[in-house]
Amino acid sequence: MQLEIDTKATTGGQGDAIACDPALHDDWHVVARAEECAQGALMRVRLCGRRYVIARGHDGSLSAVADNHEGGSGPLPGPAVIEAYGLVWMCPGIPARGVLSFPQFTDPQFQVVLCGPYGIATSGPRIIENFLDMAHFPFIHPGILGQEPDTAVAGYKVEVDAASGDLMALDCSFWQPPTSVLTHGGSVVHYEYRVPRPLSAILTKLPEAPGGLGVSILLTVQPVEPERSVAWILFATTNRQKTPLELRAHQERIFMQDKPILENQQPRRLPLSPKDEMALPCDRLSMAYRRYLSDSGMRFGVIARDAG
Amino acid sequence: MRTSWTSRFHPVARSADLVDGHIYHGRLLGQELAVWRDGEGRPNAWENRCPHRGMRLTVGMHLGSGVRCLYHGLRYASGSGRCTAIPSLGDRELPRQLNICVKTFAVREKYGLVWASLAESASEPVIAALDGVQHTTLRSVVIGVAAENVMDALANSHHHGTVVPAEAGTRRLSFASSTNDKTIILIVQPADLQKSIVHSVAIGEFASDDSTTRSHRRGLVSDHNARLCALRDALESTSIAPRATSSVLSSSAQARELLQTPT
């Protein structure tokens, strides 16, 4: 399939960050819902300040090219693009590894609903860090994920999984009021967090008893500009009494409570130096996440430690 | 050489903007401010940013004696800006090495305006013409150009009277009206690199409430406002579009630096 490429546009500063961002360049990022890409149609997407065009050929396969503003000559290297979990993932560089693992997607015990895309006017790391934070539950999600006066965050373990390199928070717990999705009276809910990639995180609510309801939520952020992002959520639960519509509405309600918070954090880029924002004892995961980003060389949407 | 803009008090709100229970979103030299009056009437001018996770305090909760951050419920006391409650700790003590405090700025309330200074020491805001006389704060007008340009334009404008420099950062506008001579003091707030706010304080017996005075006042106020708006339109039509600011931290530092540069 022949794609039209606009080479007239002038060279802009946009996209320079991704080219030298070791944390994002060779990784996979969601850019679209798979069903949005119709056969024989073109779709424009944006990733890390650059524009791309995705096409689905008549054989169903996906391909992508840069919707080029650099106007270079010669054949353009097409970014890698694949389909996974009902989403289209793109890698602007040379894929260093596969798409992250979310086994609940194919687990017959779980029903999985896609929530989003949600445009958020802030950096990707701010969105992920908020997702990793339990302390805001009673204030931002009252009656759903927490409730005053039960605001205390108990201690938990933070570690890096030796095999995968994923950042993990284990033995997390928080008091949660009764909700419609997890049918229980108010009780302490146990969580695990996994950060497999700089802009992806998975929260798992552990069942209260063997055979109890389980929930796993994957949040992955499509970095559009350093301070503009699109959030995608895969909500997986063993609760089969709820319809996909109900589950999506529940997750959307929660995320729309987070949005005004995220869009009012200043600066929008996440500061990685520990001096820039005061950490509390409950922020051990947040601090570990900032270190993890620092170690991975992340630059897009952050204020690097060496930036002063 | 102009004196530095940073080591001075500038207006950041009108007194009337600080209504009960409200946290006003202000800006001075690129610095975003949370300006609010506590239950006892004392004004505060704080960095608009919770030191914990950067949340704007203007969207927080006004508690009378302090402000509660919306995000994690941290509380900060009026005056000192010191953190007084951290709900995520539960019953645990705050670790001693944690000394959490909002960044506070020097603040004054005078002439119907709330003034703040980004520098730790700044000379008090004094406008001799307004001391000891009755005065009224009029509507403030936002102009999308640098404060320097507004000051210059005011000095050269054929406003409806004589404009002369008053105290630093101010212009004194004197003119004759149909009933008597009027003086309005114009004070330019350097909000950002490309954003100024012109505050107007009129001298005179505005409090008088007979109908002649009222209608005269309305005429004066609307005339003054129309002329300031015309000045705004003229200035904005000749200025280049303000460039988007990247981050608060860099833009405020940059704004201060540029505004300090003598022209």
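Residues numbered from 1 in each chain as written. Chains lettered and ligands numbered in written order. Predicted model: local features only at pLDDT ≥ 70, side-chain atom pairs only at ≥ 80, totals over all residues. Heavy atoms only, no water.

(A) Fine view of the environment of Ala152(A). Mapped onto the elements of the fold, Ala152(A) is located in the loop between α3 (137–140) and β8 (157–160). For the pair Ala152(A) and Trp175(A), spaced 23 residues apart in the sequence, the C-alpha separation amounts to 8.5 Å. What Ala152(A) contacts, discounting residues up to four positions off in sequence, is Phe174(A), Pro87(B), Ser88(B), Leu89(B) and Gly90(B). (Helix = DSSP H or I, 4+ residues; strand = E, 2+ residues; numbered from the N terminus. Contact = heavy atoms within 4.5 Å.)

(B) Seen up close, the sheet that holds strand β3 (residues 50–56) of chain A. All names here are of chain A. Across the sheet, which stays open at both edges, the three strands sit in the order β2-β3-β4 with antiparallel pairing between neighbours. Looking along the sheet, the strands with just one partner apiece sit at the ends: β2 (42–47) and β4 (62–66). Averaged over all pairs of adjacent strands, the angle between their axes in this sheet comes to 30°, without regard to strand direction. In this sheet, β3 lies alongside β2 in antiparallel orientation, the contact comprising six bridges. When the sheet's bridge partners are listed, Leu 42 is paired in β3 with Ala 55. (Pairing = 2+ DSSP bridges. Axes fitted to C-alpha atoms, helices over the stretch in contact; angles between N-to-C directions.)

(C) Layout of the packing of aromatic side chains. Residues and elements named next belong to chain A. Tallying each qualifying case throughout the model produces ten aromatic pairs over all chains. Summarising the aromatic geometry, the rings of Phe 137 and Phe 174 are spaced 5.5 Å apart at their centres and angled 85° between planes, so their arrangement reads as edge-to-face. Highlighted residues: Phe 137 in helix α3 and Phe 174 in strand β9 (residues 167–176), separated in sequence by 37 residues. In this structure, Phe 137 and Phe 174 share a single accessibility class: buried. Ring plane angle 55° and centroid distance 6.0 Å describe the contact between Phe 137 and Tyr 191, whose orientation is recorded as tilted. Of the two residues, Phe 137 is situated in helix α3 and Tyr 191 in strand β10 (residues 187–197); the sequence distance between them amounts to 54 residues. Accessibility expressed as a relative area gives 4% for Phe 137, which makes it buried. Grouping aromatic residues by their ring pairs yields a cluster made of Tyr 85, Trp 89, Phe 102 and Phe 105. (Phe/Tyr/Trp six-rings, centres within 6.5 Å; stacked < 30°, edge-to-face > 60°. Buried < 20%, exposed > 50% of the residue type's maximum accessible area, 1.4 Å probe, protein only.)

(D) Up close: the packing of helix α2 (residues 124–131) of chain A against helix α4 (residues 244–262) of chain A. Residues and elements named next belong to chain A. As a packed pair, α2 and α4 sit with axes 11 Å apart at the nearest point and diverge in direction by 130°. Considered as vectors, α2 and α4 are oriented oblique to each other. Regarding α2 and α4, the two cross each other, and that crossing is right-handed. Within the contact between the two elements, α2 uses Arg 126, Ile 127 and Asn 130 and α4 uses Phe 255, Asp 258 and Leu 262. Among the residues forming the contact of α2 with α4, the class breakdown is three nonpolar, one polar and two charged. (Parallel < 35°, antiparallel > 145°, perpendicular 65-115°, else oblique. Left-handed = near helix turned anticlockwise from the far one by under 90°. Nonpolar A, V, L, I, M, F, W, Y, C, P; charged D, E, K, R; others polar.)

(E) Examining the domain arrangement of chain A more closely. All names here are of chain A. Taken as a whole, chain A is organised into domain 1 (13–91) and domain 2 (103–303). A straight line from the C-alpha centre of domain 1 to that of domain 2 covers 26 Å. Each side of the interface is counted separately: domain 1 has 22 residues, and domain 2 has 18 residues. Of the roughly 1,800 Å² buried at the junction of domain 1 and domain 2 (both faces included), carbon and sulfur atoms supply 65%. Across the contact surface, domain 1 and domain 2 share two salt bridges. Here Glu 225 and Arg 46 are joined by a salt bridge, their closest N and O atoms 2.5 Å apart. Across the contact surface, domain 1 and domain 2 share eight residue pairs in polar contact (both at pLDDT 80 or more). Elements with a minimum of two residues in the side of domain 1 that touches domain 2: α1 (16–19), β1 (29–33), β2 and β6 (87–91). Its residues assigned to classes, the side of domain 1 that touches domain 2 shows 14 nonpolar, three polar and five charged. (Domains from an automatic or database assignment. Buried area = accessible area lost by both parts, 1.4 Å probe. Salt bridge = Lys/Arg side-chain N within 4 Å of Asp/Glu carboxyl O. Polar contact = N/O pair within 3.5 Å; in protein donor to acceptor, adjacent residues only side chain to side chain.)

(F) Looking closely at α4(A). Residue and element names in this part refer to chain A. Taking 1.5 Å per residue as the helical rise, α4 with its 19 residues ought to reach 27 Å, and the 26 Å between its terminal C-alpha atoms agrees with that figure. Looking at α4, one finds that the buried residues are Leu 247, His 250, Gln 251, Ile 254, Phe 255, Asp 258, Ile 261 and Leu 262. Within α4, the buried residues cover an arc of 115° as seen down the axis, which keeps them to one side. In α4, those exposed residues whose orientation departs by more than 90 degrees from the buried face are Leu 245 and Arg 253. Those residues of α4 that are buried lie in contact with β7 (111–120), α2, α3, β12 (215–225) and β13 (228–237). (Expected span 1.5 Å × (residues − 1). Arc of directions from axis to C-beta.)

(G) A look at the nonpolar core. Core analysis: the largest hydrophobic core is formed by 88 residues, its most contacted members being Ile54(A), Tyr193(A) and Tyr289(A). A domain-level breakdown of this core finds at least three residues from each of domain 1 (13–91) and domain 2 (103–303) of chain A. When near neighbours in sequence (up to four residues on either side) are disregarded, Tyr289(A) contacts Pro125(A), Ile128(A), Glu129(A), Leu132(A), Leu167(A), Val195(A), Pro198(A), Leu199(A) and Leu270(A). Membership of the second largest hydrophobic core comes to 32 residues, among which are Leu18(B), Leu118(B), Leu138(B) and Val198(B). (Core = buried A, V, L, I, M, F, W, Y, C linked by side-chain atoms within 4.5 Å.)

(H) Layout of α2(A). Here α2(A) lies mainly inside the structure; eight of its eight residues are buried. The set of residues buried in α2(A) consists of Gly124(A), Pro125(A), Arg126(A), Ile127(A), Ile128(A), Glu129(A), Asn130(A) and Phe131(A).

(I) Representation of the confidence of the model for chain A in the model. Of the residues in chain A, 87% reach a pLDDT of 70 or more, and the chain-wide mean stands at 88. This model gives residues 1–17 of chain A a pLDDT under 50, and the stretch forms 28 contacts once residues within four places in sequence are excluded. (pLDDT = per-residue confidence, 0-100.)

(J) Local environment of the pairing of β8(A). All names here are of chain A. Inspection of the sheet shows β8 paired to β9 by four bridges, in the antiparallel sense. Across the sheet, the residue bridging to Val 158 is Ala 169, located in β9. As consecutive antiparallel partners, β8 and β9 are separated by six residues, and within that stretch Gly 165 has a phi angle of approximately 80°, a positive value.

(K) Spatial organisation of the sheet that holds strand β4 (residues 43–47) of chain B. All names here are of chain B. Strand order in the open sheet formed by six strands is β1-β10-β9-β4-β3-β2, and the pairing between neighbours is antiparallel. Each edge of the open sheet carries a strand with a single partner, namely β1 (10–14) and β2 (23–28). The sheet shows a mean angle of 35° between the axes of neighbouring strands, direction not considered. Judged from the five bridges that link them, strand β9 (residues 104–110) and strand β10 (residues 113–117) form a sheet pairing that is antiparallel. Bridging from a neighbouring strand, Val 107 pairs with Ala 116 of β10.

(L) View of the side chain of Thr122(A). Residues and elements named next belong to chain A. Among the secondary structure elements, Thr 122 is positioned in the loop between β7 and α2. We classify Thr 122 as buried; its relative accessible area is 0%. Aside from chain neighbours lying at most four places away, what touches Thr 122 is Ile 127, Pro 226, Glu 227, Arg 228, Ser 229, Leu 262 and Arg 268.

(M) Region of the structure containing the interface of chain A and chain B. Each partner contributes to the interface: chain A provides 32 residues, whereas chain B provides 29 residues. Contact between chain A and chain B buries roughly 2,500 Å² in total, counting both sides, with carbon and sulfur atoms accounting for 55%. Summed over the shared surface of chain A and chain B, the number is five salt bridges. Here Glu129(A) and Arg53(B) are joined by a salt bridge, their closest N and O atoms 3.5 Å apart. When contributions to the side of chain A that touches chain B are tallied by element, the ones reaching two or more residues are α2, α3, α4 and α5 (284–295) of chain A. Taken together, the residues of the side of chain A that touches chain B sort by class into 15 nonpolar, seven polar and ten charged.

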